[in-house]
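# Geometric and topological summary
Given next are the chains, with one letter for each unit.
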Amino acid sequence: MQKLAIQGGYRLSGEVKISGAKNAALPIMCASLLTADELHLSNLPDMQDVSTMMKLLEQMGVRIDKSVQATAFNAAVVDKLLAPYDMVKTMRAAILVLGPLLTRFGEARVSLPGGCAIGSRPVDLHIKGLIAMGAEIHIEHGYIHATAKRLHGAHICFDLISVTGTENLMMAAVLADGVTVLENAAREPEVVDLASCLIEMGAKIEGAGSDKITIVGVSKLHGANHAVMPDRIESGTFLVAAAATGGHITLTHARADILDSVLDKLREAGAKIDVTGDRISLEMTARPRAVNVRTAPYPAFPTDMQAQFMAMNTIAEGSAIVVETIFENRFMHVQELQRLGAQIEIEGNTAVIQGCDRLDGATVMATDLRASASLVIAGMMAQGETVVDRLLPFIDLTVSNTP
Ligand code: EPZ
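Analysis parameters
Think of each chain on its own: its residues are numbered from 1, step by step along the sequence as written. Local features in this predicted model are restricted to residues whose pLDDT is 70 or higher, and side-chain atom pairs enter the listing and the counts only when it is 80 or higher, whereas totals over whole chains, interfaces and linings include all residues. Heavy atoms from the whole structure form the basis of all side-chain values; hydrogens and water molecules are not counted. Elements are defined by DSSP. Helices are runs of H or I of four residues or more, strands are runs of E of two residues or more, and each kind is numbered from the N terminus. The globule rule is 2.2 Å times the number of residues to the power 0.38, and the radius of gyration it is compared with is taken over C-alpha atoms. Note on classification: 1.4 Å probe, protein chains only; a residue is buried when its accessible area is under 20% of the maximum for its type, exposed when over 50%, partly exposed between these limits. Pairs of residues are marked as contacts when any of their non-hydrogen atoms sit within 4.5 Å. For the area figures, the Shrake-Rupley method with a 1.4 Å probe applies, and any residue is considered shielded solely by the protein chains shown. All tallies of charge rest on Lys and Arg as positive and Asp and Glu as negative; His and the ends of each chain are not included. Here the site of a charge means NZ on Lys, CZ on Arg, CG on Asp, or CD on Glu. Salt bridge, as used here, is a side-chain nitrogen of Lys or Arg placed within 4 Å of a carboxyl oxygen of Asp or Glu. Any residue with a heavy atom lying within 4 Å of a molecule or strand is counted as near it. Contacts described as polar in this section are N or O atom pairs within 3.5 Å, which, within protein, must combine one atom able to donate a hydrogen with one able to accept it, while residues neighboring in sequence count only if both atoms come from side chains. As a working rule, the residues Ala, Val, Leu, Ile, Met, Phe, Trp, Tyr, Cys and Pro are called nonpolar, Asp, Glu, Lys and Arg charged, and the rest polar, with Gly in that last group. For two strands to be treated as a pair, DSSP must find no fewer than two bridges joining them. Seen with its strands pointing away from the viewer, a crossover is right-handed when the path leading from the first strand over the helix to the second is clockwise. Only buried residues count toward a nonpolar core, which is a set of Ala, Val, Leu, Ile, Met, Phe, Trp, Tyr and Cys residues joined through side-chain atoms within 4.5 Å. Here the expected span of a helix is defined as 1.5 Å times the quantity of residues minus one. In this analysis, rings of Phe, Tyr and Trp, with Trp reduced to its six-membered ring, are considered paired at centre separations within 6.5 Å, and the interplanar angle assigns stacked below 30 degrees, edge-to-face beyond 60, and tilted for intermediate values.

## Overview of the overall build of the protein chain
What the protein chain contains, in helices and strands, is 12 helices and 24 strands. Taking 403 residues into account, the globule formula puts the C-alpha radius of gyration at 22 Å, and the protein chain, at 21 Å, falls close to it. Along the first, second and third principal axes, the C-alpha atoms of the protein chain reach 65 × 45 × 40 Å. Counting over 403 residues, the protein chain shows a buried share of 56%. Of the contacts formed within the protein chain by residues at least 6 apart in sequence, a portion of 72% connects residues at least 24 apart. When the accessible surface of the protein chain is split by element, carbon and sulfur atoms take 50% of a total near 16,200 Å². The average position of the 34 basic charges and that of the 45 acidic charges among the side chains of the protein chain differ by 1 Å.

## Concerning the pattern of salt bridges
For the coordinates displayed, the defined rule picks out 18 salt bridges. Asp-360 is paired through a salt bridge with Arg-358; the nearest N and O atoms lie 2.4 Å apart. By relative accessible area, Arg-358 is classed as partly exposed at 47%. Here the salt bridges share partners, and the residues they tie into one network are Glu-38, Arg-63 and Asp-65.

## Thoughts on the site of the ligand
Near the ligand there are 21 residues, and of these Asp-124, Ser-162, Thr-164, Asp-304 and Ile-326 occur at the shortest range. With respect to the ligand, the side chain of Asn-23 contributes an N or O atom lying 3.1 Å from an oxygen atom. Separating an oxygen atom of the ligand from a backbone N or O atom of Val-163 is a distance of 2.8 Å. Only α1 (22–31), α5 (124–132) and α6 (163–173) provide two or more residues apiece to the shell around the ligand. Tallying contributions element by element places α5 first for the shell around the ligand, with 3 residues. Of the residues that constitute the shell around the ligand, the class distribution is 10 nonpolar, 5 polar and 6 charged.

## Considerations on the pairing of strand β5 (residues 71–74)
The two faces of β5 match: Thr-71 and Phe-73 on one face and Ala-72 and Asn-74 on the other face are all buried. Two strands pair when backbone bridges link them, and strand β3 (residues 38–42) and β5 are joined in this way by 4 bridges, in the antiparallel orientation. By the bridge assignment, Leu-41 is partnered in β5 with Thr-71. As paired strands, strand β4 (residues 63–66) and β5 are joined by 4 bridges and run antiparallel to one another. Residue pairing for β5: Lys-66 is matched across the bridge by Thr-71. Here β4 folds back onto β5 in antiparallel fashion, the turn holding 4 residues.

## Some words on the pairing of strand β19 (residues 319–323)
Two elements, strand β18 (residues 293–294) and β19, share 2 bridges in a ladder whose sense is parallel. Each residue of the ladder has a partner; that of Val-293, found in β19, is Val-322. At this point the chain moves from β18, through helix α10 (residues 306–313), to the parallel β19, and the crossover so formed is right-handed. As judged from the 5 bridges shared by β19 and strand β21 (residues 350–354), these two strands associate in the antiparallel manner. Opposite Val-323, over in β21, you have Thr-350 as the bridge partner.

## Let's talk about the nonpolar core
Ranked by size, the top nonpolar core spans 81 residues in total, and within it Leu-57, Val-97, Leu-130, Met-170 and Leu-198 carry the most contacts. Top element by residues in this core is α1. It accounts for 7 residues. Setting aside its immediate chain neighbours within four residues, Leu-130 contacts Leu-98, Leu-102, Ala-135, Ile-137, Leu-151, Leu-169 and Ala-172.

## So, helix α8 (residues 232–244)
Between its first and last C-alpha, α8 extends 18 Å over 13 residues, near the 18 Å set by a 1.5 Å rise per residue. Among the 13 residues of α8, 13 are classified as buried, and the element is accordingly described as predominantly covered. For α8, the N-terminal cap is Asp-231; the gap from its side-chain oxygen to the backbone nitrogen of Ile-233 is 2.9 Å. Gly-246 sits one or two residues past α8 and shows a positive phi near 70 degrees.

## Overview of the packing of aromatic side chains
Tallied over the entire structure, the rule returns 1 aromatic pair. Ring geometry for Phe-301 against Phe-309: centres 5.1 Å apart, planes inclined by 85 degrees, an arrangement best described as edge-to-face. For Phe-301, a relative accessible area of 5% corresponds to the buried category.

## Focus on unusual backbone geometry
Here the amide bond leading from Tyr-298 into Pro-299 is cis, since omega sits at 10 degrees, within 30 degrees of zero. Its place among the elements puts Pro-299 in the loop between β18 and α10. Not every positive phi belongs to a glycine, and His-141 is a case in point at roughly 50 degrees. In this structure, His-141 sits in the loop between β8 (136–140) and β9 (143–147).

Encoded structure:
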């Protein structure tokens, strides 16, 4: 398992090209299962979950050809309607093959994802929606076994806003018989990017990006070319890293229009932000001010940016309150930040951070992707060396550090 040793006390400065969005790429790759034609995807991020998803699709029979311009996915021959435990346990997003397999092939066997570091994360809303569309579902030996002659349209109102729940049912509905309406649907930009790709493949979808999505089923989809949107969480993470270290950074191939809540909070902390086309520049010339954040579904403040802002608040001017409303166990990074000297009190889903003058390097443990990012940022702020242990191979922070 990788470790990262960070020499703190440097300002982050430079230019970085933003990758394609992980949370758009994963469902869009699963959409390749919906057609026998080729789906060409460009701007796929180079990261572990993406290669795991490729392996998952290949073991089902999907042919994947990589070229410089794009990666071609061909699901003409799919002879294994199975997502095995060994793959699903490393990547929960594997649940996103359930809808496409069931709606195109009438059967799917997908391992239940189980809990993860940030919460129990059940998939009951995915299953409930598919049953409403006429699926027969049995949980056998830890697997979801779903069958259906042909799914039919349904009116589904989500009890809770679920991103992958919305994506799974939207993909199931594009080949279903009739009209499906998803109410209280997720409005995340990644849902919109998936819908755009499906529409390019011939699907009939209206309302993606709003809380009511209407899908008129068609008999089959065709191939398409799609460029995955830029990653707004990777963008936000780099911007916070620069703000927290008093740096100056420019992101390219980024989108500011899907980052409003994050940019607003950075301005509140004292950052100077300029946006020109797909370039976002941030400069922080003073100690950040403490900012309160409350996570909620898009367009509110994203839970995937909570840990990074908490790290910045540990050395900010003043005290801040961070409220996590999406996942019940997403404060695992707090104990690790406290090891660096951070002053944080937790009460239920609320953390109170008292900004301190300095952090001191130490060895810390990463528990999940975003917690890892917050510990890397804290290590950059701390005096001396910080070692982040059990680091998931994810983003590369080699932008030049000027003293
Ligand atoms: C997606 O997870 C993202 N993952 C997560 O990013 C992100 O944190 C999350 O949305 C919220 O924005 C991908 O897109 C691959 P949810 P998802 O279903 O879809 C409860 C990262 O770091 N719920 O919107 O799994 C659930 O427990 C990851 O990139 C049910 O109760 O999240 C949670 O409390 C982490 N039953 C809430 O809803 C269900 O059937 C929202 O979860 C589904 C969800």
